[in-house]
Amino acid sequence: MSPQRAAAVGVQLALDEIGTPLSDVTFVVVDLETTGGSPADSAITEIGAVKVRGGVVLGEFQTLVDPGGPVPPYIQVLTGITTTMLVGAPRIEEVLPAFLEFSRGTVLVAHNAPFDVGFLKASAAATGHAWPGNQVVDTVRLARRVVTRDEAPNHKLSSLAALFGAAVTPNHRALSDARATVDVLHALLGRLAPLGVTHLEDLATATDPVPADVRRKRNLADHLPDAPGVYLFRGPRDEVLYVGTSTTSLRRRVRSYFTSAEKRGRIVEMVRIAERVDPVVCATPLEARVRELRLIAEHSPRYNRRSRFPDRMPWVRLTVEPYPRLSVVREVREDLGTAYLGPFGTAAAAALAVDALHETFEIRQCSRRLPLVAAHGASACVLADMGRCPAPCTDATVMQRYDEVTARVRAAMLGDPAPVVAALAERIQVLVDQQRFEEAATVRDRLAAFLRGAARAQRSTPLARCTELVAAGRTDDGGWEIALVRHGRLAGTARVDRRTDPRAAVETLRATAEHVPAPVAPATAAHPEETELVLAWLARPGVRVVDVDESWAMPVRSAAAHADAATAVAEHARAVTGDLAFVEGRRDVPVVEMGRRVPASSRMDVPRTA
């Protein structure tokens, strides 16, 4: 709920919903005098500070400090503080604890803050005091944002004090300069307010080089909750411009769009158009990521570049016909004997995977459908003359041989990709030996596309066939994040704290989760990237399978066993050179069960209380 709507309906927002107004922030404006410009070889001679909140002075702090040595003559001339004046003054180890207590829990302000805070931090380290880590505001940097050269010749304290009519004239004495800085601070905050700097959270990035019209829209984030979820930037006529996600805090994530942290030109353009931000609070980070994908697919926002058209992601299919071939398709069909790779991000990537299979196997590359018996007078293409196709279009006697080729292609797509890896690795080596590096890179890209597509299909197939899978993972606070997955789609999720029995949440999820019709494997019932998110979450350390309705397994010797094309080529090279231990040891490894139906007596033992 926005602050304006809250006022209209008589609801008071909590501070953590709107931030801390600057009028409620306690500032300690500090100024130091020292014996030099660096804490490495200089010391503090005077500390002056003013505590102020809402324009009201709450207290002042001032003391001379014995630097433990003489004050240089030029410093005496500048500040008027002589070595004689500091005789009998307290040392910094006596003064610093009092100042730290005076400034505890406040925001430190200084003119050229790196100088003053640098000396204070060095003194704390030298005297064995922990630096409390106060937020720091530098009035020099604020002035550079809102005071032009036409108004003041520079951004020195004396120039700004004169510009804003400060009640105290700076004179290089700590307390006087601190009092003048208070007036300068209030004047600068008055100029920053129209730019949207009205809360402490805004002040943290007030000096960022952000266009004024972008910064003024920071209020779009004021009503957002401090919880994980999805946010939708909406423009004129309620158009969804952009969908994003935060796994921790929606408010903090959206606020970052109005700071210098956002450097994407298209997104800055989007922020200028946006009129409001709608939140969708989610129970868990996994749900937030999944909902982001679904909303992007639903609205196809013009400023989102990825995941907008999952229905356009192509697959590579081994067709079902008398003489099967490879084709790039947009959907998965339930045909006995077919095989699929993918889905792929682009048609070009799918074509590379097809090229990898064509380079490995003598499977026909023509696109027409061939009769079982070759037509009289039919002629073969040039690939047959090159020995790269058995030419079933002209010779029906090759059917048995062609069936064997098809079986090997299907086995490489559905299981062990070793024949493809071997053929392309050897081709890469030949090209490298001939210093034809660009062609070798093309072959490597084909292998990489094939392995990615095969691994994706092999990983998603078991999950697509799984009617229901329940898993739980520990959260940082000792609770449980529970996910219910049906046919690869996140059908429900919940989060319970460490004092709540998660079994009740599991049963509630089962009763209320989304009904998901069975898809045609290897396609799941979800956006392909959603399935990848679910699989990645299930593979996280500490995630336990609570229950699964049937076998959830895949072979060890599958495309998913290869990290990337380079690794696959290196493994093949080791095998060829005689280092077979790595490869031979995996040939007869049985299928690994990733999940199974768990009897009630042996299901996950989740304690009722932590």
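Residues numbered from 1 in each chain as written. Predicted model: local features only at pLDDT ≥ 70, side-chain atom pairs only at ≥ 80, totals over all residues. Heavy atoms only, no water.

Trainee: Would you explain the sheet that holds strand S9 (residues 315-318) in this entry?
Mentor: Sheet strands line up and pair through hydrogen bonds in the backbone, either parallel or antiparallel. The strand order across the open sheet formed by three strands is S10-S9-S11, and the pairing between neighbours is antiparallel. The open sheet has two edge strands, strand S10 (326-329) and strand S11 (339-341), and neither has a second partner. Within the sheet, the average angular offset between the axes of one strand and its neighbour, ignoring direction, is 30°. Judged from the four bridges that link them, S9 and S10 form a sheet pairing that is antiparallel. Looking at the pairing, arginine 317 lines up with serine 327 of S10. Along the sheet, helix H14 (residues 347-360) contacts S9, S10 and S11; its crossing angle with S10, the most-contacted strand, is approximately 170°. (Pairing = 2+ DSSP bridges. Helix = DSSP H or I, 4+ residues; strand = E, 2+ residues; numbered from the N terminus. Axes fitted to C-alpha atoms, helices over the stretch in contact; angles between N-to-C directions. Contact = heavy atoms within 4.5 Å.)

Trainee: Quick question: what am I supposed to make of unusual backbone geometry here?
Mentor: Peptide bonds are mostly trans, and most non-glycine residues show a negative phi. A cis amide bond links glycine 342 to the next residue, proline 343, at an omega of 5°. Of note, proline 343 is situated in the loop between S11 and H14. Unusually for a residue other than glycine, glutamine 435 sits at a positive phi of about 60°. Relative to the assigned elements, glutamine 435 resides in the loop between helix H17 (418-433) and helix H18 (437-464).

Trainee: Hey, could you run me through the environment of leucine 326 in this one?
Mentor: Tracing the backbone shows leucine 326 in strand S10. Note: C-alpha distance between leucine 326 and alanine 351 (25 residues apart in sequence) is 9.9 Å. Setting aside anything within four residues of it in sequence, one finds leucine 326 in contact with Val316, Arg317, Leu318, Val354, Leu357, His358, Ile363, Val409 and Met413.

Trainee: For this particular structure, what's the right way to read the sheet that holds strand S14 (residues 489-496)?
Mentor: If you trace the four strands from one edge of the open sheet to the other, you get S14-S13-S12-S15, paired in antiparallel fashion. The two strands at the open ends of the sheet, each matched to only one other strand, are S14 and strand S15 (544-548). Neighbour to neighbour, the strand axes of the sheet diverge by 20° on average, direction disregarded. Relative to strand S13 (residues 480-486), strand S12 (residues 469-474) is paired through six bridges, and the arrangement is antiparallel. Directly across from leucine 469, in S13, lies its bridge partner valine 485. Here helix H20 (residues 528-538) sits on the sheet and contacts S12, S13 and S14; the angle it forms with S12, its principal contact strand, is near 55°.

Trainee: Any chance you could explain the packing of aromatic side chains here in plain terms?
Mentor: A ring pair, where both rings are aromatic, is described by two values, the distance of the centres and the angle of the planes. Using the criterion set out here, one finds nine aromatic pairs in the structure. Relative to tyrosine 257, the ring of phenylalanine 233 lies with its centre 5.1 Å away and its plane at 65°, an arrangement referred to as edge-to-face. Taken as a pair, phenylalanine 233 in strand S6 (residues 229-234) and tyrosine 257 in the loop between helix H11 (250-255) and helix H12 (265-273) lie far apart in primary sequence, 24 residues in all. Phenylalanine 233 sits in the buried class, given a relative accessible area of 0%. Classification of tyrosine 257 as buried rests on a relative accessible area of 1%. Aromatic rings pair up to connect Tyr231, Phe233, Tyr242 and Tyr257 into one cluster. (Phe/Tyr/Trp six-rings, centres within 6.5 Å; stacked < 30°, edge-to-face > 60°. Buried < 20%, exposed > 50% of the residue type's maximum accessible area, 1.4 Å probe, protein only.)

By themselves, these figures tell us nothing about what the structure is for.
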